[in-house]
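Architecture and fold: a report
In case you want the letters, here they are:
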Amino acid sequence: MPVPTLLSQRLILRPFTLADAKRVQQLAGDYEIADTTGHMPHPYLDGMAEEWISTQEQDFADGSGATFGITLRKTGELMGAIGLSIHGHDRRAELGYWIGVAYWNRGYMSEAARRVIAYAFEDLKLNRVYASHFARNPASGHVMQNAGMTYEGTWRQHFVRWTEPEDLVYYGILKDEWKAETITR
Ligand SMILES: CC(C)(COP(=O)(O)OP(=O)(O)OC[C@H]1O[C@@H](n2cnc3c(N)ncnc32)[C@H](O)[C@@H]1OP(=O)(O)O)[C@@H](O)C(=O)NCCC(=O)NCCS
């Protein structure tokens, strides 16, 4: 079964294909993207995007992941990525995302995160979605808040991205909370 396509007001979240590889390399190759993600390679070399994309269908088939390209409804342009890393036994998934610098601060990631969280609860029948960001990346914390997630704590100096330990700020949302929120919004 292929990764589904999800619609929101301004976005189409769709599966990646190998035809997206050059665009992914161009967008994700920006140091500003790598800097605040946990594992984005930098420099982003030829072939890396193809390798990343080529595992996604199998990850979805075996229930370990769901990765979507974020495209603009109006133009179809690919802007970034959002995905769930799924732990089926625990009925939880970790949300991760990035979007090209040219598209920042227009509410796109908040919109994409809300849509993917709805997918996680409604379609994948998960119980919990969580995410973390470096403390020095407050914009990502805003995305999590905008998506209805609650601050759960900070893991101090938990992760070394480059040379220095980083504080990791955790957010989460439970299915019951999400239901309550959809009723009131
Ligand atoms: C983090 C990221 C995904 C945000 O995407 P985006 O589409 O710009 O997000 P949105 O426009 O939906 O929301 C951004 C929010 O951050 C806020 N923000 C932006 N810069 C900020 C800053 N320096 N300090 C505090 N808040 C900031 C915006 O005001 C907005 O919040 P609001 O809607 O409450 O006003 C994007 O910057 C990115 O891809 N960064 C690099 C990769 C990355 O960090 N990924 C996440 C790893 S956890």
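Before any of the text, the structure's been laid out above.
Residues numbered from 1 in each chain as written. Predicted model: local features only at pLDDT ≥ 70, side-chain atom pairs only at ≥ 80, totals over all residues. Heavy atoms only, no water.

Remarks on helix α5 (residues 108–122)
Here is the rule we go by: Helix and strand labels come from DSSP, where a helix needs a run of H or I of at least four residues and a strand needs a run of E of at least two; each type is numbered from the N terminus. By this rule the span expected of a helix is its residue count minus one, scaled by 1.5 Å. Only protein chains enter the accessibility calculation, which uses a 1.4 Å probe; a residue is then buried when its area is under 20% of its type maximum, exposed when over 50%, and partly exposed in between.
Between its first and last C-alpha, α5 extends 21 Å over 15 residues, near the 21 Å set by a 1.5 Å rise per residue. With 12 of 15 residues buried, α5 lies mostly within the body of the structure. Three or more residues of α5 are buried, namely Tyr108, Met109, Ser110, Glu111, Ala112, Ala113, Val116, Ile117, Ala118, Tyr119, Ala120 and Phe121.

Some remarks on the site of the ligand
Quick note on the threshold: Any residue with a heavy atom positioned within 4 Å of a molecule or strand is treated as near that molecule or strand. Contacts described as polar in this section are N or O atom pairs within 3.5 Å, which, within protein, must combine one atom able to donate a hydrogen with one able to accept it, while residues neighboring in sequence count only if both atoms come from side chains. The Shrake-Rupley method, run with a 1.4 Å probe, gives the accessible areas here. Residue values count only the displayed protein chains as cover.
Surrounding the ligand, one finds 23 residues, the nearest of these being Thr36, Asn105, Gly107, Ser110 and Asn137. Within the backbone of Asn105, a nitrogen or oxygen atom sits 2.7 Å from an oxygen atom of the ligand. The side chain of Asn137 places a nitrogen or oxygen atom 2.8 Å from an oxygen atom of the ligand. Here the ligand loses 73% of its free accessible area of 970 Å² to cover by the protein chains. Considering each element in turn, the shell around the ligand owes the most residues, six residues, to helix α6 (residues 138–146).

Overview of the environment of His89
Among the secondary structure elements, His89 is positioned in the loop between β4 (78–87) and β5 (92–99). Linking His89 and Leu126, residues 37 residues apart in sequence, is a C-alpha distance of 9.8 Å.

As for the pattern of salt bridges
Any two side chains of opposite charge can pair, on the condition that their charged atoms come close. Filter applied, for reference: Salt bridge criterion: a side-chain nitrogen from Lys or Arg within 4 Å of a carboxyl oxygen from Asp or Glu.
Applying the stated criterion across every chain, the model contains six salt bridges. For the salt bridge of Arg128 with Glu152, the shortest nitrogen-to-oxygen distance reads 2.9 Å. Separated by 24 residues along the polypeptide, Arg128 in strand β6 (residues 128–134) and Glu152 in strand β7 (residues 150–160) bring together distant segments of the chain. Classification of Arg128 by relative accessible area gives partly exposed; the value is 21%. By relative accessible area, Glu152 is classed as partly exposed at 41%. What emerges from the salt-bridge pattern is a single network uniting Asp35, Arg136 and Glu166.

Here we look at the pairing of β4
For clarity, the threshold we go by: At least two bridges found by DSSP between two strands are what make those strands a pair.
Burial within β4 is extensive, with eight of its 10 residues counted as buried. If you look at the hairpin formed by strand β3 (residues 65–72) and β4, you'll find five residues sitting between the two strands, and Gly76 has a positive phi there, around 80°. Sheet topology places β4 next to β5; eight bridges connect them, and they run antiparallel. Within β5, the position partnered with Ile82 by the bridge is Tyr97. Linking β4 to β5, which pair antiparallel, is a turn of four residues; within it Arg91 sits at a positive phi near 50°.

Some remarks on the nonpolar core
Put simply, the rule reads: Among buried residues, the Ala, Val, Leu, Ile, Met, Phe, Trp, Tyr and Cys ones that are joined through side-chain atoms within 4.5 Å form a nonpolar core. Any two residues having at least one pair of non-hydrogen atoms within 4.5 Å are treated as being in contact.
Membership of the largest hydrophobic core comes to 53 residues, with the highest contact counts inside it found for Val24, Phe68, Ile82, Leu84, Leu95, Ile117 and Val129. Per element, the largest residue contribution to this core is 10 residues, and it comes from α5. Filtering out sequence-adjacent residues up to four positions away, Leu84 remains in contact with Ser64, Gly65, Ala66, Ala93, Glu94, Leu95, Val116, Tyr119, Ala120, Leu124 and Val129.

Regarding α6
In an α-helix there are 3.6 residues to a turn, and that puts residues three or four apart on one side. Filter applied, for reference: The directions considered for the arc run from the helix axis to the C-beta atoms.
Listed as buried for α6 are Ser140, Gly141, Val143 and Met144. Buried residues of α6, seen end-on, are gathered within an arc of 155° and therefore sit on one face of the element. In this fold, the buried residues of α6 make contact with β5, α5, β6 and β8 (165–174). With its phi angle positive at about 90°, Gly148 sits one or two positions after the end of α6.

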